[in-house]
Amino acid sequence: MSHAAPALAVTDEERAGARAAADAGATAMDQQRWADAITYFQKAESLVHAPPHLLNIARAHEKLGQLVEAREAYMKVAREELPANAPKVFRQAQTEARAELDAIEPRVPRVSVVVQGSGDLPVKVHMNGSVVPDGLVGVPRPLNPGSYEFQAFADGAQSTPSTLMLREGAKETVVLTLQAGTGAPPTAVPVAAATAPTEQPDAAQEGGTSGLRIASYVSFGVGVVGLGVGTAFALSSSSKRSEADDICNLEGEFSCPVDRRDEVAQLDSDADSAKTMSIVGFVVGGVGVATGVTLFILSGNNDKKSASITPWVGLNMAGVRGRF
């Protein structure tokens, strides 16, 4: 069954992150660090769908001898319905995936498990200690090459374990014969998940009414400067992100020139740093202005004994609270 998936990131940050993860995956492939390559390309694919991600995941699994996982990844690329305007690199990845799928298909071994002597009793088959889904019992199941142990269990009966060394391209049948009077299958013990307690931060309050008018002017000044700094860094972040996208906007997504990957990575890093400074500037500016307004109001309050103010900063929020 074919499927189509979006090729573009939702945000600039996701696009930049996917590009960085894909570049790290390509480096891992060059260095034959297959497991790391799978991790990096999976991260890239989780941010932005692109057939080249899945193609490289399939190739890395194949290098690790994980033929079943490789076959599934190849099939996703081969069966995807690409839009008419899909980038050239996407179509090239699909062409290569179909050819490599044809090559790996006969290499994937298959095993059929047959249980005898069960009668009308419900049976559970274990493979390497794990329960085999009922739907996979009796059908040629694709497995990776390796060593396997099979055993069947029923109420008051079980088979002797059967060990199999499975090789590439093999088609094997394992026959398990139940014998009455033997023990029941081992039962997996569920492990309860622990929930970590959350800590509630204590809020510290400071009060004061002396020199409120002067303090309000100072707060206004800090707020204006903070907002100006936030605006400047926001513009810088957007500019650097656009510059990185322009460099990589060749045939389509993830077509960064190899000789300019370091430049693009530096631009993405500078954009992230500028965005962080922009957020800090806006938070400081907002707190400064809000504090200035409140202090200015309090400076006219004759009941100084009952007035207090406390600036506060939270997750994506900032402000002041006070007692008037």
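Residue numbers run consecutively from 1 along every chain, following the written order of its sequence. Only residues with pLDDT of 70 or above have their local features reported here, since the model is predicted, and side-chain atom pairs are shown and tallied only from 80 upward, although totals for entire chains, interfaces and linings are computed over all residues. Water and hydrogen atoms were dropped before computing side-chain values, which therefore reflect all heavy atoms in the structure.

S.K.: Which residues make up the nonpolar core, and what values do they have?
M.R.: Within soluble globular proteins, side chains that are nonpolar tend to cluster in buried spots. The term nonpolar core refers to a set of buried residues drawn from Ala, Val, Leu, Ile, Met, Phe, Trp, Tyr and Cys, joined through side-chain atoms within 4.5 Å. Burial classification: accessible surface area is computed with a 1.4 Å probe over protein chains only, and a residue below 20% of its type maximum counts as buried, one above 50% as exposed, and the rest as partly exposed. Membership of the largest hydrophobic core comes to 26 residues, with the highest contact counts inside it found for Met29, Ala37, Phe41, Ala60, Tyr74, Leu101 and Ile104. Of all the secondary structure elements, the ones that give two or more residues to this core are helix H1 (12–30), helix H2 (34–47), helix H3 (51–63), helix H4 (67–79) and helix H5 (88–104). Per the convention used, a helix needs a DSSP run of H or I reaching at least four residues, while a strand needs a run of E reaching at least two, with both numbered from the N terminus. In terms of residue count, H4 provides more of this core than any other element does, 7 residues in total. A contact between two residues is defined here by any heavy atoms of the two lying within 4.5 Å. With residues up to four places along the chain from it excluded, the contact list for Ile104 reads Glu62, Leu67, Ala70, Arg71 and Tyr74. Val111, Val132, Phe150 and Leu166 belong to the second largest nonpolar core, which has 18 residues in total.

S.K.: Report on the pattern of salt bridges, specifying residues and quantitative values.
M.R.: Just to be clear on terms, a salt bridge is a Lys or Arg side-chain nitrogen sitting within 4 Å of an Asp or Glu carboxyl oxygen. Counted by the stated rule, this structure contains 11 salt bridges. A salt bridge links Asp36 to Arg33, with the shortest nitrogen-to-oxygen separation between them at 2.7 Å. Residue Asp36 is classed as partly exposed on the basis of its relative accessible area, which comes to 35%. Exposure remark for Arg33: the relative accessible area of 31% places this residue in the partly exposed category.

S.K.: Please give an account of the side chain of Asn144 that cites residues and values.
M.R.: For Asn144, the position within the fold is in the loop between strand E4 (141–142) and strand E5 (146–154). At 3.0 Å, the side chain of Asn144 and the side chain of Glu69 are in polar contact. Aside from chain neighbours lying at most four places away, what touches Asn144 is Gly65, Gln66, Leu67, Val68, Glu69, Pro109 and Leu166. Two N or O atoms count as a polar contact when they lie within 3.5 Å, although within protein this holds only if one can serve as hydrogen donor and the other as acceptor, and sequence-adjacent residues are included solely when both atoms are side-chain atoms.

S.K.: Help me get a handle on a nonpolar patch on the surface, residues and values and all.
M.R.: Patch building starts from residues that exceed 30% relative accessible area and form no salt bridge, then joins like charges within 9 Å and nonpolar side chains (Val, Leu, Ile, Met, Phe, Trp, Tyr) within 5 Å. Working definition of accessibility: Shrake-Rupley area with a 1.4 Å probe, residue cover restricted to the visible protein chains. The grouping of Ile214, Val218, Val222, Val280 and Val284 at the surface amounts to a nonpolar patch, some 420 Å² of accessible area in total. If you list the elements that add at least two residues to the nonpolar patch, you get helix H6 (212–248) and helix H7 (261–299). Here the element with the most residues in the nonpolar patch is H6; it accounts for 3 residues. Along the chain, Ile214 falls in helix H6.

S.K.: Can you tell me about the packing of H3 against H5, naming the residues and giving the values?
M.R.: To characterise two packed helices, one gives the angle between the axes of the helices and the distance between these axes. Put simply, H3 and H5 touch, their axes get as near as 8 Å, and they point 25 degrees apart. The orientation of H3 with respect to H5, classified from their angle, is roughly parallel. In this structure, the crossing between H3 and H5 has a hand that is left-handed. Along the contact surface, H3 presents Pro51, Pro52, Leu55, Arg59 and Glu62, while H5 presents Val89, Phe90, Ala93, Glu96, Ala97, Glu100 and Ile104. For helices, the fitted axis covers only the stretch in contact; all axes are lines through C-alpha atoms, and the angles between them, taken along N-to-C directions, range from 0 to 180 degrees. Any angle between 65 and 115 degrees counts as roughly perpendicular, while under 35 counts as roughly parallel, over 145 as roughly antiparallel, and the rest as oblique. Should the near helix be turned anticlockwise from the far one by less than a right angle, the crossing is termed left-handed; should it be turned clockwise, right-handed.

S.K.: With reference to specific residues and values, describe the sheet that holds strand E8 (residues 171–177).
M.R.: In spatial order, the strands read E4-E1-E8; together these 3 strands make up an open sheet with mixed pairing. Here the strands that pair on one side only, and so sit at the sheet edges, are E4 and E8. We call two strands paired when DSSP finds no fewer than two bridges between them. Both strand E1 (residues 110–116) and E4 contribute to a ladder of 2 bridges, which runs antiparallel. Paired with Arg110 across the two strands is Pro142, which belongs to E4.

S.K.: How would you sum up unusual backbone geometry? Please name residues and give values.
M.R.: Of note in this structure, Gln32 is not a glycine but carries a positive phi near 60 degrees. Along the chain, Gln32 turns up in the loop between H1 and H2. Gln32 sits in the exposed class, given a relative accessible area of 57%. Despite not being glycine, Asn128 has its phi angle at roughly 50 degrees, a positive value. Locating Asn128 in the fold gives a position in the loop between strand E2 (124–127) and strand E3 (130–132). By relative accessible area, which is 45% here, Asn128 ends up partly exposed.

S.K.: Hey, could you go over the packing of H2 against H3 for me, with residue numbers and the actual values?
M.R.: At a closest axis distance of 9 Å, the pairing of H2 and H3 adopts a crossing angle of 160 degrees. When the axis of H2 is compared with that of H3, the two are roughly antiparallel. Like other packed secondary-structure pairs, H2 and H3 cross with a definite hand, here left-handed. Two secondary-structure elements touch here, H2 through Trp34, Ala37, Ile38, Phe41, Gln42, Ala44 and Glu45 and H3 through His53, Leu54, Asn56, Ile57, Ala60, His61 and Lys63.

S.K.: Explain H2 to me, using residue names and the numbers behind them.
M.R.: Any helix carries an expected span of 1.5 Å times its number of residues minus one. Taking 1.5 Å per residue, 14 residues should reach 20 Å; H2 reaches 20 Å between its end C-alpha atoms and fits that length. In this fold, the buried residues of H2 make contact with H1 and H3.

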